[in-house]
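What follows is each chain in one-letter form.
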Amino acid sequence: MLPNASIPEGPIADKWDSHKFNVKLVNPANKRKFKILVVGTGLAGASAAATLAELGYNVEAFTFHDTPRRAHSIAAQGGINAAKNYRNDGDSVHRLFYDTVKGGDYRSREANVYRLAQVSVEIIDQMTAQGVPFAREYGGLLDNRSFGGAQVSRTFYARGQTGQQLLIGAYQQLMRQVGLGKVKLHTQAELLDVVVKDGRAVGIVTRHLTTGQVSSHSGHAVVLATGGYGNVFYLSTNAMTCNVTAAWRAHRKGAYFANPCYTQIHPTCIPASDDFQSKLTLMSESLRNDGRIWVPRDRDDVRSADKIPEAERYYFLEEKYPTFGNLVPRDVASRNAKTVVDEGRGVGPARNGVYLDFSDVLKRDGVKVVEEKYGNLLEMYERITGEDPQKVPMRIYPATHYTMGGLWVDYNLMTNVPGLYSAGEANFSDHGANRLGASALMQGLADGYFVLPATIGNYLTDFLNKPPVSTDDPVFQQAEAGVRDQMNHFLSIGGTHSPEHFHRELGKLVWEYIGMARNESGLQKAIGEIRALRDEFWKDVRVLGTNESLNSSLEKAGRVADFFELAELMARDALTREESCGGHFREEYQDPDGEALRNDDDFAHVSAWGWNDADTPQTEHREKLEFEYVKLTQRSYK
Amino acid sequence: MSKILNLTLQVWRQAGPNKPGTFETYQANGISDDASFLEMLDIVNERLIADNKIPIEFPHDCREGICGTCGVMINGQAHGHERGTATCQLHMRKFSDGDTIVVEPWRAKAFPIVRDLVVDRSPLDAVIAAGGFITAPTGTANDANDIRIPKEVADSAMDAAACIGCGACVAACPNSAGQLFTSAKIWHLNSLPQGQAERYKRTEAMVETMEQFFGSCTNHGECSEACPKEISLDFIAYMNRDYIKAKVKNRRLASQS
Amino acid sequence: MAAPTLAKNSADTPLRKKRRELPFPLNLYQTAVGKKWVMALTGIMLLGFVVFHMVGNLKVYLGEVQHLSPEGEYVTDYDINIYGEFLRDLLVPLLPRTYLLWILRLGLIAAFALHLHSAISLSKMNLESNNRYESKRDWVAANFASRSMRWTGPIIFLYLLFHLADLTWGVGAASSEWERGEVYQNLVHSMSRPGIAIVYIVCNVALCVHIFHGAYSMFQSLGINNPVYNQLRRGFAAGLALLILVGNLSFPIAILAGIVDLP
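For every chain, the first residue of the written sequence is number 1, and numbering continues from 1 onward in sequence order. Going through the entries in the order they are written, you letter the chains from A and number the ligands from 1. Whole-chain, interface and lining totals are the exception, using all residues; otherwise, since this is a predicted model, local features are given only for residues with pLDDT of at least 70 and side-chain atom pairs are given and counted only at 80 or more. Water and hydrogen atoms play no part in the side-chain values, which are based on all heavy atoms of the structure.

So, about the overall build of chain B. Looking only at helices and strands, one finds eight helices and seven strands in chain B. Three exposure classes are used, based on accessible area relative to the maximum for each residue type with a 1.4 Å probe and protein chains only: buried under 20%, partly exposed in between, and exposed over 50%. When burial is assessed residue by residue, chain B has 70% of its 257 residues classed as buried. Every residue pair with non-hydrogen atoms within 4.5 Å of one another is taken to be in contact. Considering only contacts within chain B whose residues lie at least 6 apart along the sequence, 68% involve residues at least 24 apart. Residue-level accessible areas treat just the shown protein chains as cover; the underlying method is Shrake-Rupley with a 1.4 Å probe. In the form shown here, chain B has an accessible surface area of approximately 8,000 Å², with 49% of it arising from carbon and sulfur atoms. Starting at the N terminus, helices and strands are each numbered in turn, a helix being any DSSP run of H or I of at least four residues and a strand any DSSP run of E of at least two.

Given below as structure tokens:
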């Protein structure tokens, strides 16, 4: 059964305040008696660990990187939203809330989103006080820009490196606590199991990546801030080591996994150039503000871009959506790019991209203005492709970028396993079926800085003066043994293909059948093929080397094993959700114009999947979504 | 369009910390020049695995030049010969058919080798933990626009804050000095109004922690050339100035209080 | 297995311990950044000496002049010899003869000692901090001057001893005709020997290479940095080094060429 989501009563604007008043507090002197394990040191994890330590809790922070400054939050380029209304352009908490619920295609919890919008204001204050060098105007005030098609300018940014600057800010706060001895930091420690005793989370088991040492850590509560699972697609904009393992092992221990089929495809990535491609690189969405997207009208047109006259260019977004044009939301832009490429109009050597053309703005504003605005992006593009976007139009194609699904959490960010919390991209909470641009940074920091520290005490008070479960306890010993067994098993299979090979093959299946557009027969087929590939993986994977030394093949094998199970669940979730919404597009459910067709009567709910065992499909639990403050409408960007 | 390269690699192989290491030679044939340097290593690794040989461990993660995980010595230059570029953003079209490429891990006493091309850069974190922050516990912030910061100051802070913590500055320095890394963080925080309260304490603490691990600066300028974010040597001068001031200022403050 | 023990990383084992802080201003000299600051300051003093030394030596080109001796008679002597006397007479009668010269000399000796000591201890620190690369380095910014400081420094030190023995103390390599106070004659006697002249030339090249990096580097070490003027620093260092090089090399060359000689 799905537990109550603990959404507070009362008008939406008061819910968070009244909830903060109603939760049980831990006396400041007692906070040091509690130990909290925070796994992951991205935006959500680092900010949560730092803030919990500031409050006085004993915190242990875990990251599988060599330092807590590497998490993939760092790669976010565009910015962070906040309802500051510094531009006086009609923004408000309510508008940010409304935009986020609407952008999420009405598949998120109103109360959570409203809280996110409220807290967004504090995030900017907090990060500025920590020294994040947000862009400023000549008057010395913070600069804002409009982002991702928003009608107001509410996005704060630090050049094209907003994610980096925010992460470094949170990392510095964390390192301050490490220096003060209030946070114990474990680097190179990968979570490989969550330990549950008597139905509640009591600790974790980690493997030290450079020594292979498996060890247990126990605490009163465990926070998973371990990011999203976009790498299930193999090719995504995620970093190479991003994985679902922490969340998935928690899922296997009973935590529900919600809405796995909600994956976001970002429209402006550099297309893959060949089979060896290891990852895709995102180009900031801000490029769509000035660049015009087109393909040749004639599918057999193989002339170079500059030889194609204006009349023979098909500006498909501008033609189909005259109001929003090139600035339609991510899912719409992505799907239309896929359509034209599938029609055979793709450009580039592999005919797998569409043009993003800057020649108009170059003519209008001149080289200098364009370079000032997009200089680093154009340079990055040239570095990767060897083509100068000021001479030849850029080629772009959609790629997986963010995953809205994740561990199910209640209003307190606690999963259905008591004592197990999840924050940031790892949970499913705030974005519904589609995330708006510049909202991921906002959510990670909201969870870590403001929400989790305020809600976690409510659970802890019951365990005052009770020490954490000893790591000598059989539950820990069993979990450790399980981890060791899995490592030894991988090393003993002695098959013929590397984990990388299986990951790539899995990614092709997921992209083909559970990618931008899905249909019933494809999803059925995907489940079968994923299972077959998974069986082959367990029989035929080749992992060389030893457990006792840095061994990235061995690490990867464990992660790929989890991706297989996740991919199957994604397909099952996509199959069950017989509607199109946000990042989930079922070809059977579209209007005559090819727009996503929601089914609010039957599917205005969260699908939270409970683990059974490796061979029995998960059980679906549904959390009904109530909409009191936002009217459900069909999105239209025409 | 894309060309095919046949390369000879000499890669440092070392089974673990304190184990002997040596250069191994590998043929990397049929590499497309569209591949990135790390993708070239991926291909070599896949071939090694197919031959039942242990693949090369190399540091990498985001492959977008921002996370700071990657970084190896390529033909005697940190992150290779292209300026302002992290190893992951270096592409094979910058090499020619028939090239021999020598790949070696970062070397510094503070960066012991973990395996093959991977080193332990944790002393950089120790420098940050010593003072690379502004004390602003959650909840204490005033409105973000209360303090105006001239655009030029914010831009200069951002130039310094662009550091990705890859350690190339230390690796490129003949003295294995950590000056560029440390000074970039010091200047990021010392130049902002929010960072003034702890300015001199921070400078002292960070410099003195840095010197526990790294060598001293002899102003060669290799660090800045190797830096994938092209962080300026100027910050080192600012750090030196603030450090001397810190020594004098704190004494005065102590006598006043 | 109670508390988990994880592998130690490099941050847990510093190369050096933090030392207890000495009272001001000694604490400045405890850290490398402070030592570099001292090195730059003493470098400026030494540089000042080198410049004045070269300028003073230019007097050899004036040859013989008439001047009024303390006894009130007009005598003919080499201008540089008179200049030597003048230095010994500085601030007389406020101070007894040679007192100020010795104060200046002691200052220079202290500066030299500190410059040397900080160089040695920083070099030691640098050598123990770095692990050499097994493959060949391809330097980008480091130049011959910056990388050879550790070699040009000792050469200058040995050269200084040689130079003092040759011309100031009249021992060792000094010519057989050496006589105290006869600056001009001693110089010409010494440098007419081609071997000695070559030693002077080589050592002065080393000195100027050292100055080329030192005069640039001191701005960084002292924290004198203003992006508006930074581009001038290299030019300043190069100009200064060149000036000293031309000045100092002119003496042995002029003597060998017979432009400066004894009657």
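Let us now look at empty space enclosed by the protein. Empty space left among the atoms is revealed by rolling a probe the size of a water molecule over them. In this analysis, the protein atoms alone were mapped onto a 1 Å grid. Cavities are point sets where a 1.4 Å probe fits without being able to get out; pockets are open sets with protein on both sides within 12 Å along at least five of seven lines; lining residues have an atom within 4 Å of a point. Grid points are joined across faces, edges and corners, and a volume is the space filled by probe spheres set on the points. Taken as a whole and assessed by the stated rule, the structure comprises 14 cavities of 30 Å³ or more. Thr241, Ser552 and Glu555 of chain A together with Phe58 and His60 of chain B are the residues nearest the centre of the second largest cavity, which is lined by 39 residues in total. When contributions to the lining of the second largest cavity are tallied by element, the ones reaching two or more residues are helix 13 (499-513) and helix 15 (552-576) of chain A together with helix 1 (37-50) and strand 7 (118-119) of chain B. It is helix 15 of chain A that provides the largest number of residues to the lining of the second largest cavity, a total of seven residues. Just so you know the grouping, Ala, Val, Leu, Ile, Met, Phe, Trp, Tyr, Cys and Pro go in nonpolar, Asp, Glu, Lys and Arg go in charged, and all remaining residues, Gly too, go in polar. Tallied by class, residues from the lining of the second largest cavity come to 16 nonpolar, twelve polar and eleven charged.

Turning our attention to the domain arrangement of chain B. Residues and elements named next belong to chain B. An automatic or database domain assignment provides the domain bounds reported here. By the assigned domains, chain B splits into domain 1 (4-115) and domain 2 (121-256). Listed as interface residues are 19 residues of domain 1 and, on the opposing side, 20 residues of domain 2. Joining two parts hides part of their accessible area as seen by a 1.4 Å probe, and the buried area is that hidden amount summed over both. Interface area for domain 1 against domain 2, summed over the two sides, is near 1,400 Å², with a carbon-plus-sulfur share of 61%. Salt-bridge detection follows one rule: a side-chain nitrogen of Lys or Arg within 4 Å of a carboxyl oxygen of Asp or Glu. Counting every contact that joins domain 1 to domain 2 gives one salt bridge. In protein, a polar contact requires one atom able to donate a hydrogen and another able to accept it; more generally it is a pair of N or O atoms within 3.5 Å, and residues adjacent in sequence count only if both atoms are side-chain atoms. Between domain 1 and domain 2 we count four residue pairs in polar contact (both at pLDDT 80 or more) in total.

Moving on to the interface of chain A and chain B. Chain A puts 75 residues into the contact, and the matching count from chain B is 77 residues. By the criterion of area lost to chain B, the three top residues of chain A are Arg70, Phe276 and Arg383 of chain A, representing 12% of everything that side buries. Summed over the shared surface of chain A and chain B, the number is four salt bridges. Viewed at the interface, chain B and chain A are joined by 46 residue pairs in polar contact (both at pLDDT 80 or more).

Looking now at the packing of helix 5 (residues 110-129) of chain A against helix 11 (residues 440-460) of chain A. The geometry of a pair of packed helices is captured by two quantities: the angle between their axes and the separation between those axes. All names here are of chain A. Here, axes are lines fitted to C-alpha atoms. For helices the fit covers the stretch in contact, and angles between N-to-C directions go from 0 to 180 degrees. Helix 11 packs onto helix 5 with a crossing angle of 85° between their chain directions and a minimal axis gap of 9 Å. Here helix 11 runs roughly perpendicular to helix 5, going by the angle between their axes. Counted together, Arg115, Leu116, Val119, Ser120, Glu122, Ile123, Gln126 and Met127 of helix 5 and Met442, Gln443, Leu445, Ala446, Tyr449, Phe450 and Val451 of helix 11 form the full contact between these two elements. Looking at the contact of helix 5 with helix 11 residue by residue, the classes come out as ten nonpolar, three polar and two charged. Here roughly perpendicular refers to angles of 65 to 115 degrees, roughly parallel to angles under 35, roughly antiparallel to angles over 145, and oblique to all remaining angles.

Before going further, it helps to spend a moment on the pattern of salt bridges. Evaluation of the coordinates by the stated rule reveals 70 salt bridges over all chains. A salt bridge links arginine 297 of chain A to glutamate 319 of chain A, with the nearest nitrogen and oxygen atoms 2.5 Å apart. Residue arginine 297 of chain A is found in the loop between strand 12 (292-296) and strand 13 (313-314), and its partner glutamate 319 of chain A is found in helix 8 (residues 316-320); the two are separated by 22 residues along the sequence. Since its relative accessible area comes to 42%, glutamate 319 of chain A is described here as partly exposed. Between aspartate 79 of chain C and lysine 59 of chain C there is a salt bridge, with its nearest N and O atoms 3.2 Å apart. Of this pair, aspartate 79 of chain C sits in helix 2 (residues 79-88) while lysine 59 of chain C sits in the loop between helix 1 (32-57) and strand 1 (64-68), placing them 20 residues apart in sequence. On the accessibility criterion, aspartate 79 of chain C (11% relative accessible area) is buried. A network of salt bridges, in which partner residues are shared, links Asp105, Arg107, Arg577, Glu579, Arg598 and Asp600 of chain A.

Residues and elements named next belong to chain C. The interhelical angle for the contact between helix 7 (residues 194-222) and helix 8 (residues 231-256), taken along N-to-C directions, is 170°, at an axis separation of 8 Å. When the axes of helix 7 and helix 8 are compared, the pair comes out roughly antiparallel. Here helix 7 and helix 8 pass one another in a crossing that is right-handed. A class-by-class count of the residues in the contact of helix 7 with helix 8 yields 24 nonpolar, three polar and two charged. In this scheme the crossing of two helices becomes right-handed for a clockwise turn of the near helix relative to the far one and left-handed for an anticlockwise turn of less than a right angle.

Now for unusual backbone geometry. In terms of backbone geometry, most residues other than glycine have negative phi values and most peptide bonds are trans. Backbone torsion omega between phenylalanine 24 of chain C and proline 25 of chain C reads 0°, so that peptide bond is classified as cis. Note that proline 25 of chain C resides in the segment before helix 1. The step from valine 92 of chain C to proline 93 of chain C runs through a cis peptide bond, and the omega angle for that step is 10°. As for its placement among the helices and strands, proline 93 of chain C is situated in the loop between helix 2 and helix 3 (99-129). At arginine 351 of chain A, a position not held by glycine, the phi torsion is positive, near 50°.

This paragraph deals with the sheet that holds strand 1 (residues 4-14) of chain B. All names here are of chain B. As summarised here, the arrangement of the five strands in space is 2-1-5-3-4, forming an open sheet in which the pairing is mixed. With partners counted over all chains shown, the strands left at the sheet margins are strand 2 (21-32) and strand 4 (77-78), one partner each. Of the strands in this sheet, strand 1, strand 2, strand 3 (73-74) and strand 5 (100-104) touch helix 1, which is tilted by about 105° from strand 2. In short, DSSP must find at least two bridges between two strands for them to pair.

Right, let's talk about a negative patch on the surface for a bit. Residue and element names in this part refer to chain A. Together, Glu520, Glu578, Asp601 and Asp602 line one region of the surface with negative charge. Mapping aspartate 602 onto the fold places it in helix 16 (residues 600-603). You can call aspartate 602 partly exposed: its relative accessible area is 44%. Without a salt bridge and with relative accessible area above 30%, a residue can belong to a patch; like charges are then joined within 9 Å and nonpolar side chains (Val, Leu, Ile, Met, Phe, Trp, Tyr) within 5 Å. Only four residue types enter the charge count, namely Lys and Arg as positive and Asp and Glu as negative; His and the chain termini do not. Every charge is mapped onto a representative atom, which is NZ of Lys, CZ of Arg, CG of Asp or CD of Glu.

What follows is about the nonpolar core. To define a nonpolar core, start from buried Ala, Val, Leu, Ile, Met, Phe, Trp, Tyr and Cys residues and group those joined through side-chain atoms within 4.5 Å. Ranked by size, the top nonpolar core spans 176 residues in total, and within it Ile80 of chain A together with Phe37 and Met92 of chain B carry the most contacts. Residue contributions to this core reach at least three from each of two domains, namely domain 1 (4-115) and domain 2 (121-256) of chain B. Counting 71 residues, the second-largest nonpolar core is a separate cluster that includes Leu192, Leu224, Phe233 and Ile530 of chain A.

Here a pair means two rings of Phe, Tyr or Trp (six-membered ring of Trp) with centres within 6.5 Å. Their orientation is stacked below 30 degrees between planes, edge-to-face above 60, and tilted elsewhere. This model, assessed by the stated rule, comprises 35 aromatic pairs over all chains. On the numbers, 5.5 Å between centres and 80° between planes, the contact of phenylalanine 537 of chain A with tryptophan 538 of chain A is edge-to-face. With relative accessibility at 28%, the residue tryptophan 538 of chain A sits in the partly exposed group. Judged by centre distance (5.6 Å) and plane angle (75°), the rings of phenylalanine 219 of chain C and phenylalanine 236 of chain C are edge-to-face. You can see phenylalanine 219 of chain C sitting in helix 7 and its partner phenylalanine 236 of chain C sitting in helix 8, a full 17 residues away along the chain. Overall, the relative accessible area of 37% leaves phenylalanine 236 of chain C in the partly exposed class.

The next thing to look at is the sheet that holds strand 10 (residues 257-258) of chain A. All names here are of chain A. Across the sheet, which stays open at both edges, the four strands sit in the order 16-10-18-19 with antiparallel pairing between neighbours. Where the open sheet ends on each side, the last strands, each with one partner, are strand 16 (406-407) and strand 19 (619-624). Pairing of strand 18 (residues 605-610) with strand 19, which is carried by six bridges, proceeds in the antiparallel orientation. Considered in strand 19, the bridge of tryptophan 609 is made with glutamate 620. Running over the sheet, helix 15 touches strand 10, strand 18 and strand 19 and is turned about 145° from strand 18.

Our focus in this paragraph is the interface of chain C and chain B. Facing 52 residues of chain C, the contacting portion of chain B comprises 59 residues. Summing both partners gives a buried area of about 4,500 Å² for chain C against chain B, and 53% of it is carried by carbon and sulfur. Along the contact surface separating chain C from chain B lie two salt bridges. Here glutamate 222 of chain B and arginine 137 of chain C are joined by a salt bridge, their closest N and O atoms 3.8 Å apart. There are 38 residue pairs in polar contact (both at pLDDT 80 or more) connecting chain C and chain B. At the level of elements, helix 1, helix 3, helix 4 (144-147) and helix 7 of chain C are the ones that each hand at least two residues to the side of chain C that touches chain B. For the side of chain C that touches chain B, a count of residues per class yields 19 nonpolar, 19 polar and 14 charged.

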